[in-house]
Each structure stands twice: as C-alpha cells, then as structure tokens.
Number of protein chains: 2
Amino acid sequence: MVLQLYYDLYSQPSRSIYILLKLSNIPFKKCVIDLATREHLTREFAETKSKIQRVPFIHDGDFKLNESIAIVRYLSREYALDDKWYPKDSAKQAKADEFLEWNHLNIRLECATYFLVKFHIPFFTGKFSSKERIKKLLRNLERCLKDFERIFLSNGPFILGDQISYVDIHAATEIEQTRTACYDARDHFPKIRIWLDNVRSECNPAYDEAHVIINELTSIEVKPKL
Amino acid sequence: MVLQLYYDLYSQPSRSIYILLKLSNIPFKKCVIDLATREHLTREFAETKSKIQRVPFIHDGDFKLNESIAIVRYLSREYALDDKWYPKDSAKQAKADEFLEWNHLNIRLECATYFLVKFHIPFFTGKFSSKERIKKLLRNLERCLKDFERIFLSNGPFILGDQISYVDIHAATEIEQTRTACYDARDHFPKIRIWLDNVRSECNPAYDEAHVIINELTSIEVKPKL
C-alpha cells in the first residue's frame, strides 16, 4: 500500500513534509485532515489514526508515525530519498540534526507563539492580547532570528552549506508563517531574505503550493473593532 | 584525542548525556562548564568552544556538536554505543525519534518553564511570579504529564517497551527537575512513579550522581520574605 501522508497545510510541519514529499518523487497518498473541525481530538481518531492527535503523520502499511523530523529520518532509511535532503554522511547528518533539534525551542517556539497570539487567537476567537505582550514576543522573535542568522546562515547559501536540504524547508516554512501576523522576516534580516528566496526558488512550484493558505491569510488584517 | 563532553549538571540535557556516557563505557573527558559564571556567553567561547553557546556539547577531534539528541545519534553512528540505548532497527528508531521530537514542546517546555518560574528565577533574582501564573503553568504541566502517560507509557515498563533506552533517560531527567520547584510527578501520576523508579534503578549509580545538584536544591524552600 502506498505511503499515506495525513496533513493540514495550515500546520507548519505539515507544509515542510508535504514539500519534501513533492520534491522527492516518493509516491504518497494525500490524506487531508481539517484541524478546524477538531476531528483529530476524538477518541476514535486517537485509536485508529494517531495517538498523538497532531499533524503531520504517516501510515506506512501498519506502521504509524508522528513528528515531522522522525518522519524525514524514517523516509531517508526506508525510501529512495535523495541524499541531499537528509545527508547520510555522519558529520553532515549530525549538523542537520543539530539545527533540527535547536529549532524547536527557538524558531519553532518564537514564530509559532507570535503567530498564535497576534493572528490565530484573535482571528478565531476575537480575543486580542495587550500591546505590551506582543512587543515582548516580537523582541523574543527577533532575538531568535538574529541568532539564526549568526549561527546557521554563515556557511553558504543554505544552512548546511552549498546545497539545500530538508533543514532549510523546515526552517523556512516556520519563518514564512509570521507573515499572517504582519511580520515578514525578509524586511528586517537581509541574510534571511536572500536565504528564503533561495529556498523558495529551489523548491517551487511545491513551495508556493504548500503556502497557498498562508499567502491568503497574509492579506487579511486582524484588528479589534473600533 | 578522547571525546570531550562539555556540560553543567544544572542543565537537564547535560545530565541525560552524562548518564548515557557513564553507562555506555565510551571513554570521555569531563569538561565542566559553570553556567553561573556566564563564561559561555562570551564571544571567545562562541568562537572557540560552541557557536550555539549552550550545554551540553562535544568536541570529537575537530568536530564540534551541540544538542543532546544530535549527540546521541552521532555517538550511535561513530562509537560502540549499545543498540539498546538508541536502536538501529528502523521502526524502533523511528519510535525513539517520535518521542524525542514530541518531547521538546511538551515535557521539555512545560517542565523547564515551571522550574524557571517557580524555582530558578526567584532563587537567583528574588523575583516571584503571581500565584495565578504559577497555577496556570501547573495546569499546563499536568496536562502534558497526563498525555505522556497515555501516549508513551502504555507499551511496557519503558517508553519503547520492555527495554530501557536513552529516550527514558532524556524524559526522566526533565521530569526530575521540577522537584526543585516542590513538584514531584511521582506523587500525582502512578505510572510515572513506577517508570521513574525503573529508570533510576537501571541507571544507578550514574543516575544519582547526575542528580546531586537537583537533589540538593530540592531541599531548599524558595519563598518570598514575610
């Protein structure tokens, strides 16, 4: 049975795995989960689809797996995933892992929190956070993007050096997301701007396809009624 | 040159890597970093020791690597790390990765935040958070521990089933840390209590040795002056 990818393009790691699978030529069945319906929170879903109840996840025959990074590593072992996406060379792979692990409590946490507080929560509930809180979150976000430039964008056009890898897709899909909250990292960090353009151009048309929802939401202004 | 481990046992991932190396019989040189002196925040440190400026990290000859999970994966490829600590079997390895990746924004985030707000910040600065904030953080922490029991402690005495792995050490060192903030998960989650006892007993004496600082701090009560 063909690999099944369960995803919602509203979710960042869903977008990154979707782009990777489109670029890798691994055949897969698209199984869209609409997070907005909250179907993933039911007991039946936990029992039959995913105990962790988040997207993305895969079913590979009877084998079920959550977590985008675990999925990429699994695909690199079990499928003909081109070495450039997740290197087999031990030192290069360690450097890919170093970024992917650092990312969780840095870019992932800061970008997702800013997106949630400034866009997602007000958009879906009408509840706005204070200006002070948003200012503080923005400071954290910018400190983190500065670290990202200093630590990870000084080796060449891509995070691992001269060649694009999954690591770039994973980071880029996270950083693109804050555009919905009226924050485009391109406008503030020149190295990030060039790098994002490189990643997009290497991954298109899959990149733009995965970002259709994000691009639509970017045009919506969420602000309190006067 | 022998593998060098840079660590501070006040840091959770330092404790988990320290325990693993002690149990694995991989020879290593102990290089203690005292985070309290803030030496890791200097430019010289970033240039010569670790660009990421956090612990733990390793130097393996000229190769420098941060992030505990990246380090474990590197050791499993480059050193004679017993298969039980980080399985080579593809499906088992995927399940180890699934937990390790899930952990960052769940157990790691909630335990470390509770520890920081309820213990670390008041202890080092005298600044206390409001009761409401601590109550909210405790709710998040307990929701997360409940998920941990449901999702990951239902396969046997250890996270991956019948045998201990690095995954257990990684989670246990995180959960032990909230004892400094007067919260022992053993008292609230029976499955976690049994599992923690199993992990400790499989890893001792290295487990207790790594927790000396945490155990000392647990006896200190941090509360505002009357």
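It should be emphasised that the depicted structure is a prediction, and the values quoted were computed from it without experimental measurement.

1. Re the packing of helix H4 (residues 90-125) of chain A against helix H5 (residues 131-152) of chain A
Residues and elements named next belong to chain A. Running from N to C, H4 and H5 point in directions that differ by 155°, and their axes come no closer than 9 Å. The pairing of H4 with H5 is recorded here as roughly antiparallel in orientation. Remark: the crossing between H4 and H5 carries left-handed chirality. Between H4 and H5, the contacting residues are Glu98, Phe99, Trp102, Asn106, Ile107, Glu110, Cys111, Thr113, Tyr114, Val117 and Lys118 on the first element and Arg133, Ile134, Leu137, Leu138, Asn140, Leu141, Cys144, Asp147, Phe148 and Phe152 on the second. The class makeup of the residues in the contact of H4 with H5 is 13 nonpolar, 3 polar and 5 charged.

2. Some points on the environment of Ile69(B)
In this structure, Ile69(B) sits in helix H3 (residues 68-78). On the accessibility criterion, Ile69(B) (3% relative accessible area) is buried. Sequence-wise, Ile69(B) and Asn155(B) are 86 residues apart; in three dimensions their C-alpha atoms are separated by 22 Å. Ignoring any residue separated from it by four or fewer positions in sequence, one finds Ile69(B) in contact with Glu101(A), Leu100(B), Glu101(B), His104(B) and His170(B).

3. A short note on the pairing of strand E3 (residues 57-60) of chain A
Residue and element names in this part refer to chain A. A two-sided burial pattern is seen for E3, the buried positions comprising Phe57 and His59 on one face and Ile58 and Asp60 on the other. Pairing analysis gives 3 bridges linking strand E1 (residues 3-7) to E3, with the strands arranged antiparallel. What sits directly across from Tyr6, in E3, is Phe57. Judged from the 4 bridges that link them, E3 and strand E4 (residues 63-66) form a sheet pairing that is antiparallel. Bridge pairing in E4 links Phe57 to Asn66.

4. Quick notes on the packing of aromatic side chains
Applying the stated criterion to the full structure yields 34 aromatic pairs over all chains. Plain terms: the ring middles of Phe99(A) and Trp102(A) are 5.9 Å apart, the flat faces sit at 40° to each other, and that makes the pair tilted. Taken together, the residues span about one helical turn, with Phe99(A) and Trp102(A) both in helix H4 at a distance of 3 residues. Residue classification places Phe99(A) among the buried positions, given a relative accessible area of 0%. Given a relative accessible area of 1%, Trp102(A) falls into the buried group. Between Phe123(B) and Phe124(B) the ring centres are 5.0 Å apart and the planes differ by 85°, which places this aromatic pair in the edge-to-face class. Here Phe123(B) falls in the partly exposed class, since its relative accessible area comes to 34%. An aromatic cluster is built from Tyr10(A), Phe115(A), Phe119(A), Phe123(A) and Phe124(A), whose rings are joined through pairwise contacts. Sitting over the face of the ring of Phe63(B), Lys95(A) holds its NZ or CZ atom 5.6 Å from the ring centroid.

5. Observations concerning the sheet that holds strand E2 (residues 28-32) of chain A
Residue and element names in this part refer to chain A. Spatial strand order, E2-E1-E3-E4: 4 strands in an open sheet with mixed pairing. The sheet is open, and its two borders are formed by E2 and E4, each paired with just one other strand. When the angles between neighbouring strand axes are averaged without regard to direction, this sheet yields 20°. Across the sheet, helix H1 (residues 12-24) touches E1 and E2, and the angle it forms with E1 is around 150°.

6. A few points about the packing of H4(A) against H3(B)
For any two helices packed against each other, the geometry is given by the interaxial angle and the distance between the axes. The interhelical angle for the contact between H4(A) and H3(B), taken along N-to-C directions, is 160°, at an axis separation of 8 Å. For the element pair H4(A) / H3(B), the angle class is roughly antiparallel. Pair H4(A) / H3(B) crosses with right-handed handedness. Two secondary-structure elements touch here, H4(A) through Ser90(A), Gln93(A), Ala94(A), Asp97(A), Glu98(A) and Glu101(A) and H3(B) through Ile69(B), Ala70(B), Arg73(B), Tyr74(B), Arg77(B) and Glu78(B).

7. Some words on helix H7 (residues 190-203) of chain B
All names here are of chain B. An ideal rise of 1.5 Å per residue puts 20 Å on 14 residues; H7 measures up with 20 Å between its terminal C-alpha atoms. The set of residues buried in H7 consists of Ile192, Trp195, Leu196, Val199 and Cys203. Take H7 and look down its axis: the buried residues cluster within an arc of 100°, on one side only. Next to the buried residues of H7 lie helix H1 (12-24), helix H5 (131-152), helix H6 (166-176) and helix H8 (206-210).

8. Focus: the UniProt feature "domain: GST N-terminal" (unreviewed entry) in chain A
Within this numbering scheme, the UniProt entry marks residues 1-83 of chain A as carrying the feature "domain: GST N-terminal" (unreviewed entry). Taken as a whole, residues 1-83 of chain A contains 36% helix and 22% strand, while its terminal C-alpha atoms sit 24 Å from one another.

9. A look at the relation of the copies chain B and chain A
Once chain B is rotated about the relating axis by 180° and shifted along it by 0.0 Å, it coincides with chain A to within an RMSD of 0.0 Å. Taken together, the turn and the small shift mark the pair as related by a two-fold rotation axis. Of every C-alpha in chain B, the one belonging to His104(B) sits nearest the axis of rotation, 3.2 Å from it. Of the interface residues in chain B, 100% have counterparts in chain A that sit at the interface too, so the contact is made through matching surfaces.

The rules behind each value
- Residues numbered from 1 in each chain as written.
- Chains lettered and ligands numbered in written order.
- Predicted model: local features only at pLDDT ≥ 70, side-chain atom pairs only at ≥ 80, totals over all residues.
- Heavy atoms only, no water.
- Axes fitted to C-alpha atoms, helices over the stretch in contact; angles between N-to-C directions.
- Helix = DSSP H or I, 4+ residues; strand = E, 2+ residues; numbered from the N terminus.
- Parallel < 35°, antiparallel > 145°, perpendicular 65-115°, else oblique.
- Left-handed = near helix turned anticlockwise from the far one by under 90°.
- Contact = heavy atoms within 4.5 Å.
- Nonpolar A, V, L, I, M, F, W, Y, C, P; charged D, E, K, R; others polar.
- Buried < 20%, exposed > 50% of the residue type's maximum accessible area, 1.4 Å probe, protein only.
- Pairing = 2+ DSSP bridges.
- Phe/Tyr/Trp six-rings, centres within 6.5 Å; stacked < 30°, edge-to-face > 60°.
- Lys NZ or Arg CZ within 6 Å of the ring centre and 35° of its normal.
- Expected span 1.5 Å × (residues − 1).
- Arc of directions from axis to C-beta.
- UniProt positions renumbered as here; feature names shortened; annotations may be inferred.
- Least-squares fit on C-alpha atoms with pLDDT ≥ 70 in both.

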